[in-house]
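Fold and geometry: a report
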Amino acid sequence: MQEIRAYAHSKTVRRLLVSSSLAALAAGVIAPSAFAQSTSTSAESAKEPEVIVVVGIRASLTSAAGIKRNAIGVVDAISSEDLGKFPDSNVAESLQRIPGVAVDRSGGEGRFVTVRGFGPAFNTVLVNGRSFASENQGREFSFDLLASELISGAEVFKTAQARLQEGGIGGTMNIKTARPLDGRGGFRAVAVAKALYENNSKKTTPQVFGLISNSFADDTLGILAAISYQKRESVIAYTQNRGYIPNTDVGPAAAPLFKGVYAPRNQDVGIDTQDRERLGINVTGQYRPSEDLTVTIDALHNRFDVESRIQALGSWFEPSSYTAATIDSNRTVTSLTTNGNADLLDIANNRFVTTNAVGANVDWDISDTLNVNLDASWSNSKNAAGGKNYFTVIGVASRYSFAQAVGNSPPSTFGYTANLTNPGAGQAHYVERSGNNESEDVVELKADATWQLDNGIFKTARFGALANRREKDSQAIGSNGEVNCLYCGYGVAVSSNILSVVNTKGILGGQLPTAFAGYSGNRYFEVLASPQQSALRDTTLGLTPGTTAAIIARNNGYTPVVQPASFSVSEQNIAVYAEIDLEGTAGTMPWFVNAGLRYVTTEIKSSGNQLQLLDLLRVPGDNTIYNAVFANAGRPTPVSKKSNYGVFLPNLNARLTINDQLIARAAASRSITRPQIRDLAPRTSFDTNRPASLDGSGGNPDLKPYMATNLDASLEWYPTRATVLSAGVFYKKVDDFIIQLRAQEKIQIANASGLPVGGLITGPNEATYSIRRPRNSESAEITGVELNAVYNFDQLEGWVSGFGVAANATIVNTDSEFDTASTTTSFALEGLGNSYNVTVFYEKYGFSARLAWNLRERFLENLVTPGQGGDPVFRRDYNQFDLRTSYDISDTFQVFLEGTNITGNENITTGRFDNQVLDFINTGARWSLGVRASF
């Protein structure tokens, strides 16, 4: 049935309906698809049902309950409270209140979204129903790129439908922007200004938003323009350990203190000062000459710059240098004393992202029974951080100690014997310029048709096709290795006095150092490349004068250049689909079935750089190693590879209306997630060249997609118009999981040294390497339960009728959990964890308040530590409280207060055991005070 748009015009009604449909989100409201403007999700409609646009919690809850009852599949949705008024300051933060949705944060902001335990690479993100470019090296979409004010709504599709773009085993998310002819038309304008206060930095920055929309010529022509500007100056205090080394001996080799223990690799403590600036612009024009035809053209521009400077004190724990240590029952080192160097670190870790998108859509009712929707879009996203990041180290010789974290306290490094603030104590060590230029272009064409059959049980048929091309280029840019470690070893003093005191302001507390020497990384590069420092190195190390200057000159100093890790992948997808809606009754119970089939072909061309091995030569006097001979004088050479695959993806969604209050659902489907783009790069490196060990690593252009079988079932109870209680279960069996595995690969060599056949020399002109690549290998089963409830007290009398509550929980399990007792586990499901949400709200007499609590329980974040340890990374339980209050001064003006992470909870990661603390991150609380005007 055709949905009705609801608006609140009068002062009295608006005051009753201020705030958001957040509770509908938090309750996991199942909404029909408002997809690509004309795509239908209802058995009763040839066109897409109009999305109910409401301002106020109660109106949204009542209408959302009606939408949920008529939905085809499991679809959770949230809409803006009003134009330019999304429920949270960040889209990802709002999405996490949907059952089964969790977020990963960057700088205290939600960036990536996990659905039902499947990480960001397993979820398809669409903008206005279209595939969208990402600035990341993989398929992950960064939600922090989009200002929330530009968004009018978001949907999470948890069960497959044939017309949805494939790729999301976890789910498909559709982010929508506002349209000028949606709703009542006419003139509308919104202006928002607020001051953002960061608790850690004690800085206040501006955030402004403006939107204007109008329709002309009897509402046949509409134009909407919106702009958002946000700035943050934040300080993130942290400690970091790069991992625990398993099964290692600590202490002198001749008399070890302990054998076979888990030893901490290092401990850094510091502050990350970030300047974040986000500019978003959205312009949309619509032309509707008749009720049967709507033409929409829209454009989006976003710029998001993050300038991050990290100043830290690092302590490197070399196992053989321990002079004292203690261990616990898990044989984890809990404290130690060692000799070495206190590392003074200055690090730049930036993002400079620009995103542009343009789209055109034609929605045409050709007749009463046939609708056609044509859509074309282009998007591009670039991260221009190549060569603009750096990592630098200056050392100060010192003896120091380490004590493991206890409870929720950070680990401690203390007892330094050196004066860490002495400006003349610095010894040069390591420097590196780095960063990637990431760029992705997506071009997409779609054609969808909806045909009303109304023939017995056959009600609606849909069919269509899609073609898109995704091109991603990753260009690694950095300084050359010859100069990066030119001063390694702490043997040469820094010739220029560049050190000054850094104060961490005691944000982390505990016994951590609060002051140490710091410096400018860019100034450090200048000093190391100077004639004075080059001459000092020659003198200190007893080198021929001019030796260091010659090395600096032939590398053009520390000027960044393109590195071998660069790659490019072009992916072209062509899909066709057909689906049908069936409807009837079983006794007195109406039933509805949607069945569909999607077929997609994918062609991939990947290119990169790799070393071409020509030969392995004997080394005179050393039988333990080969001298590897490479083509092109040891420089990587271009290489490319093509691959393709095709898959059929069936789906079935069923709904049974048991009575006026009770509805049962079931769904089954096959779905895919494509391999990570960076894994498709056709590069190979030959890492170890020894008679007993020929090892290498690389990418794999022949990877096939993950393939999942999905089952869903749920029961929904609607005792009143605004009350929803539901419970659902789901099951996923995922095959062809991609993991890093070694396999034997034969490499042709010239064998000029006449190496005898035997061992790893498997032929007269053949060597067999053990190459570690991503490969399709494992399977995993995931089961889950989703519970949600929403209730408000509007049946009560007086002021208490303004209260309401929404709550949900997702509990998941898998047969592929990490075994902490095993040191050889090669596969476990990352990102899977339970999550809980509770939102309490009050809304009456022009006053609105909402307190939301989110908990994500401990989960495996990475199977292998990205740093030095090689062990797993777990993220501890994390909970966050967010607050929003507002008061309507008049029909036009509203004042509001927003709080994010108001209790200042820390994010903590650990190793194999919970007391192996790796990251302890304090982003602090954020508060916004502002005013909103709407006309």
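First, a word on what this report is: a plain description of the structure on this page. (Residues numbered from 1 in each chain as written. Predicted model: local features only at pLDDT ≥ 70, side-chain atom pairs only at ≥ 80, totals over all residues. Heavy atoms only, no water.)

**A short note on the overall build of the chain**
When you go through the chain residue by residue, the secondary structure sums to 8 helices and 49 strands. Taken against the 2.2 N^0.38 rule, which gives 30 Å for 935 residues, the C-alpha radius of gyration of the chain at 30 Å falls within 12% of a compact globule. For the chain, the C-alpha atoms occupy an extent of roughly 90 × 65 × 55 Å along the three principal directions. Looking at the chain residue by residue over its 935 residues, the buried ones come to 57%. Accessible surface for the chain amounts to roughly 35,000 Å². Of this, 56% is attributable to carbon and sulfur atoms. In the chain, which carries 82 positive and 91 negative side-chain charges, the distance between the mean positions of the two groups comes to 3 Å. (Helix = DSSP H or I, 4+ residues; strand = E, 2+ residues; numbered from the N terminus. Rg over C-alpha atoms; globule rule 2.2 N^0.38 Å. Buried < 20%, exposed > 50% of the residue type's maximum accessible area, 1.4 Å probe, protein only. Areas by Shrake-Rupley, 256 points an atom, 1.4 Å probe, with all protein chains shown as cover. Lys, Arg positive; Asp, Glu negative; His and termini not counted. Charge placed at Lys NZ, Arg CZ, Asp CG, Glu CD.)

**Quick look at the sheet that holds strand 6 (residues 151-157)**
With mixed pairing, 5 strands are arranged side by side in an open sheet as 1-6-7-4-5. Pairing within the sheet leaves two strands with one partner each, and these edge strands are strand 1 (75-79) and strand 5 (130-131). Examined bridge by bridge, strand 4 (residues 123-127) and strand 7 (residues 171-177) share 5 bridges and lie parallel to one another. In the strand pairing of strand 7, Asn-123 is matched with Gly-171. (Pairing = 2+ DSSP bridges.)

**Observations concerning the packing of aromatic side chains**
Remark: the centre distance and the inter-plane angle together describe each pair of aromatic rings, the angle taken between the planes. Inspection of the entire model under this criterion finds 24 aromatic pairs. Aromatic side chains Phe-317 and Tyr-400 sit 6.2 Å apart centroid to centroid with 45° between the ring planes, which places their arrangement in the tilted category. Of this pair, Phe-317 sits in the loop between strand 14 (293-316) and strand 15 (322-327) while Tyr-400 sits in strand 19 (residues 389-403); the two residues are 83 residues apart in sequence, bridging distant segments of the chain. Residues Phe-317 and Tyr-400 agree in their burial class; the two are buried. Taken together, the aromatic side chains of Phe-118, Phe-122, Tyr-706, Phe-737 and Phe-827 make up a single cluster linked through ring pairs. (Phe/Tyr/Trp six-rings, centres within 6.5 Å; stacked < 30°, edge-to-face > 60°.)

**Some remarks on a nonpolar patch on the surface**
A grouping of Phe-187, Ile-212, Phe-847, Tyr-887, Ile-889, Phe-893, Val-895, Val-931 and Phe-935 is seen on the molecular surface, where their side chains present a nonpolar patch of about 830 Å² in accessible area. Take Phe-187: it is sitting in the loop between strand 7 and strand 8 (188-198). Overall, Phe-187 belongs to the partly exposed group, its relative accessible area being 46%. (Patch = residues over 30% accessible without salt bridge, like charges linked within 9 Å, V, L, I, M, F, W, Y side chains within 5 Å. Salt bridge = Lys/Arg side-chain N within 4 Å of Asp/Glu carboxyl O.)

**Describing the side chain of Arg-655**
In this fold, Arg-655 is placed in strand 32 (residues 637-657). Judged by relative accessible area, Arg-655 falls into the buried class, the value being 7%. Among the polar contacts made by the side chain of Arg-655, one reaches the main-chain carbonyl oxygen of Ala-71 at a distance of 2.7 Å. (Polar contact = N/O pair within 3.5 Å; in protein donor to acceptor, adjacent residues only side chain to side chain.)

**Focus: the nonpolar core**
Within the largest apolar cluster, 55 residues are counted, with the highest numbers of intra-cluster contacts made by Leu-313, Tyr-322, Leu-344, Ile-394, Ile-498, Tyr-524 and Tyr-558. Those residues in contact with Ile-394, other than ones at most four positions away along the chain, are Ala-342, Asp-343, Leu-344, Gly-426, Gln-427, Val-494, Ile-498, Leu-499, Tyr-519 and Tyr-524. Formed by 24 residues, the second largest nonpolar core is a distinct cluster that contains Ile-604, Tyr-706, Ala-708 and Ile-739. (Core = buried A, V, L, I, M, F, W, Y, C linked by side-chain atoms within 4.5 Å. Contact = heavy atoms within 4.5 Å.)

**Considering the environment of Leu-897**
Mapped onto the elements, Leu-897 comes out in strand 46 (residues 893-900). For the pair Leu-897 and Trp-927, spaced 30 residues apart in sequence, the C-alpha to C-alpha distance is 7.3 Å. Those residues in contact with Leu-897 that sit more than four places away from it in its chain are Leu-883, Arg-884, Thr-885, Trp-927, Ser-928 and Leu-929.

**What about the environment of Ile-366?**
Tracing the backbone through its elements, the reader meets Ile-366 in the loop between strand 17 (351-365) and strand 18 (370-384). Judged by its relative accessible area of 41%, Ile-366 falls in the partly exposed class. Linking Ile-366 and Leu-293, residues 73 residues apart in sequence, is a C-alpha distance of 8.5 Å.

**Considerations on the pairing of strand 33 (residues 662-673)**
Where strand 32 lies against strand 33, 7 bridges are found, and the strand directions are antiparallel. Residue Asn-653 lies in a different strand from strand 33, and its bridge partner there is Ala-667. Across 12 bridges, the pairing between strand 33 and strand 36 (residues 706-720) is antiparallel. Note that in strand 36 the partner of Ala-668 across the bridge is Leu-711.

**Observations regarding the packing of helix 7 (residues 531-541) against helix 8 (residues 547-554)**
It is at 7 Å that the axes of helix 7 and helix 8 come closest, and there the two elements cross at 130°. Compared by their axis directions, helix 7 and helix 8 come out oblique. Taking contact as the criterion, the partners of Ser-534, Arg-537 and Asp-538 in helix 7 are, on helix 8, Thr-547, Thr-548, Ala-549 and Ile-552. For the contact of helix 7 with helix 8, the class distribution of residues is 2 nonpolar, 3 polar and 2 charged. (Axes fitted to C-alpha atoms, helices over the stretch in contact; angles between N-to-C directions. Parallel < 35°, antiparallel > 145°, perpendicular 65-115°, else oblique. Nonpolar A, V, L, I, M, F, W, Y, C, P; charged D, E, K, R; others polar.)

**With respect to the pairing of strand 30 (residues 613-619)**
Inspection of the sheet shows strand 30 paired to strand 31 (residues 622-630) by 6 bridges, in the antiparallel sense. Bridged to Leu-613 within strand 31 is Phe-630. Here strand 30 hands over to strand 31 after 2 residues, with Gly-621 in that stretch at a positive phi of 80°.

**A closer look at the side chain of Glu-140**
Inspection of the secondary structure assignment puts Glu-140 in the loop between strand 5 and strand 6. A polar atom in the side chain of Glu-140 sits 2.7 Å from the side chain of Gln-676. In contact with Glu-140, other than residues within four places in its own chain, are Phe-112, Pro-120, Ala-121, Ser-134, Gln-676 and Arg-678.

**Digging into the pattern of salt bridges**
A complete count under the given rule lists 48 salt bridges for this structure. For the salt bridge of Asp-298 with Arg-130, the shortest nitrogen-to-oxygen distance reads 3.1 Å. Of this pair, Asp-298 sits in strand 14 while Arg-130 sits in strand 5, and the two are 168 residues apart along the sequence. Just as Asp-298 is buried, Arg-130 falls in that class too. Two residues, Arg-598 and Glu-166, come together in a salt bridge whose shortest N-O distance is 2.7 Å. Pair noted here: Arg-598 is in strand 29 (residues 589-610) and Glu-166 is in the loop between strand 6 and strand 7, with a separation of 432 residues, a long-range link. Glu-166 matches Arg-598 in its accessibility class, with the two residues each being buried.

**A closer look at helix 7**
Within the sequence span of helix 7, burial applies to Gln-533, Ser-534, Arg-537 and Asp-538. For helix 7, the buried positions fall inside an angular range of 140° around the axis, keeping them on one side. In helix 7, those exposed residues whose orientation departs by more than 90 degrees from the buried face are Pro-531, Gln-532 and Thr-539. (Arc of directions from axis to C-beta.)

**Examining unusual backbone geometry**
Positioned with a positive phi, Asn-751 is a non-glycine residue whose angle comes to about 55°. Inspection of the secondary structure assignment puts Asn-751 in the loop between strand 37 (723-748) and strand 38 (761-763). Residue Asn-901 is not a glycine yet carries a positive backbone phi of 50°. Relative to the assigned elements, Asn-901 resides in the loop between strand 46 and strand 47 (907-910). Residue classification places Asn-901 among the buried positions, given a relative accessible area of 2%.

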